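An overview of the molecular structure
Listed below, chain by chain, are the residues.
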Amino acid sequence: MKMPETLNPPMLAPCGINCLACRAHLMQKKVCPGCFTDSITKSESCRNCRIKACAAEHGVNACAECGAFPCSLIGHIDKRYRLRYGLSLIENGLFLKQNGFEVFSAREKECWTCPECEGIVCLHNRTCSSCLKTYPINHPV
């Protein structure tokens, strides 16, 4: 799977995860179409995401747009993602808020595009979806 030129806004999860680089989206059998869909191909936990529901309750698409950002809900997942995947969702949100979607999208493209084949590198296991090259978590892709 190749990285598109720009990130389609519905492929940015409310929490700040780029759905294109998510393991669920890159899976070959049941591809997740992103957080803003209610597709049956998504896991039950993703369909019932508390962060997505909270963003909807606050009338925002991204947690960073909310006056309560960063809240305890995003703080909890941020801690887990920093420890497991070397990715801060709070930093993503602040960058998005300060720089806008187009600049954020360009950074995401650079961050998750395999330099070898231009495939999408999974943020969860740092493996390219096309050439299967794996990158260390602390190494920029």
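Structure: above.
The structure contained in this document is the topic of the report that follows.

Parameters at a glance
- Residues numbered from 1 in each chain as written.
- Predicted model: local features only at pLDDT ≥ 70, side-chain atom pairs only at ≥ 80, totals over all residues.
- Heavy atoms only, no water.
- Helix = DSSP H or I, 4+ residues; strand = E, 2+ residues; numbered from the N terminus.
- Rg over C-alpha atoms; globule rule 2.2 N^0.38 Å.
- Buried < 20%, exposed > 50% of the residue type's maximum accessible area, 1.4 Å probe, protein only.
- Contact = heavy atoms within 4.5 Å.
- Areas by Shrake-Rupley, 256 points an atom, 1.4 Å probe, with all protein chains shown as cover.
- Lys, Arg positive; Asp, Glu negative; His and termini not counted.
- Charge placed at Lys NZ, Arg CZ, Asp CG, Glu CD.
- Phe/Tyr/Trp six-rings, centres within 6.5 Å; stacked < 30°, edge-to-face > 60°.
- Expected span 1.5 Å × (residues − 1).
- Arc of directions from axis to C-beta.
- Polar contact = N/O pair within 3.5 Å; in protein donor to acceptor, adjacent residues only side chain to side chain.

Within the protein, the regular secondary structure consists of six helices and zero strands. The globule rule puts the C-alpha radius of gyration for 141 residues at 14 Å, and the 14 Å found for the protein is close to it. Dimensions of the protein along its principal axes, counting C-alpha atoms only, are 40 × 35 × 30 Å. Among the 141 residues that make up the protein, the fraction classed as buried is 42%. Sequence separation of at least 24 residues holds for 45% of the intrachain contacts in the protein that already meet a minimum separation of 6. Surface summary for the protein: the accessible area is close to 8,100 Å², and the carbon and sulfur share equals 55%. Positive and negative charge centroids in the protein, built from 17 and 12 side chains respectively, lie 9 Å apart.

Two numbers describe a pair of aromatic rings. These are the distance of the centres and the angle of the planes. By the definition in use, this model includes two aromatic pairs. Aromatic side chains Phe95 and Phe104 sit 6.4 Å apart centroid to centroid with 45° between the ring planes, which places their arrangement in the tilted category. For Phe95, a relative accessible area of 22% translates into the label partly exposed. Judged by relative accessible area, which is 0%, Phe104 ranks as buried.

Turning our eyes to something else, we now look at helix α6 (residues 101-112). Between its first and last C-alpha, α6 extends 16 Å over twelve residues, near the 16 Å set by a 1.5 Å rise per residue. Looking only at α6, the buried set comprises Phe104, Ser105, Glu108 and Trp112. Buried residues of α6, viewed axially, fall in a sector of 100°; they line one side. Set apart from the buried face of α6 by more than 90 degrees, the exposed residues are Glu102 and Glu110.

Time to look at unusual backbone geometry. With an omega dihedral of -5°, the bond running from Phe69 to Pro70 counts as a cis peptide bond. Looking at the secondary structure, you find Pro70 in the loop between α3 (50-57) and α4 (72-85).

Inspection of the secondary structure assignment puts Glu108 in helix α6. Overall, the relative accessible area of 3% leaves Glu108 in the buried class. There is a polar contact of 3.4 Å between the side chain of Glu108 and the side chain of Asn18. In this structure, Glu108 is in contact with Met3, Asn18 and Asn92, ignoring residues within four places of it in sequence.

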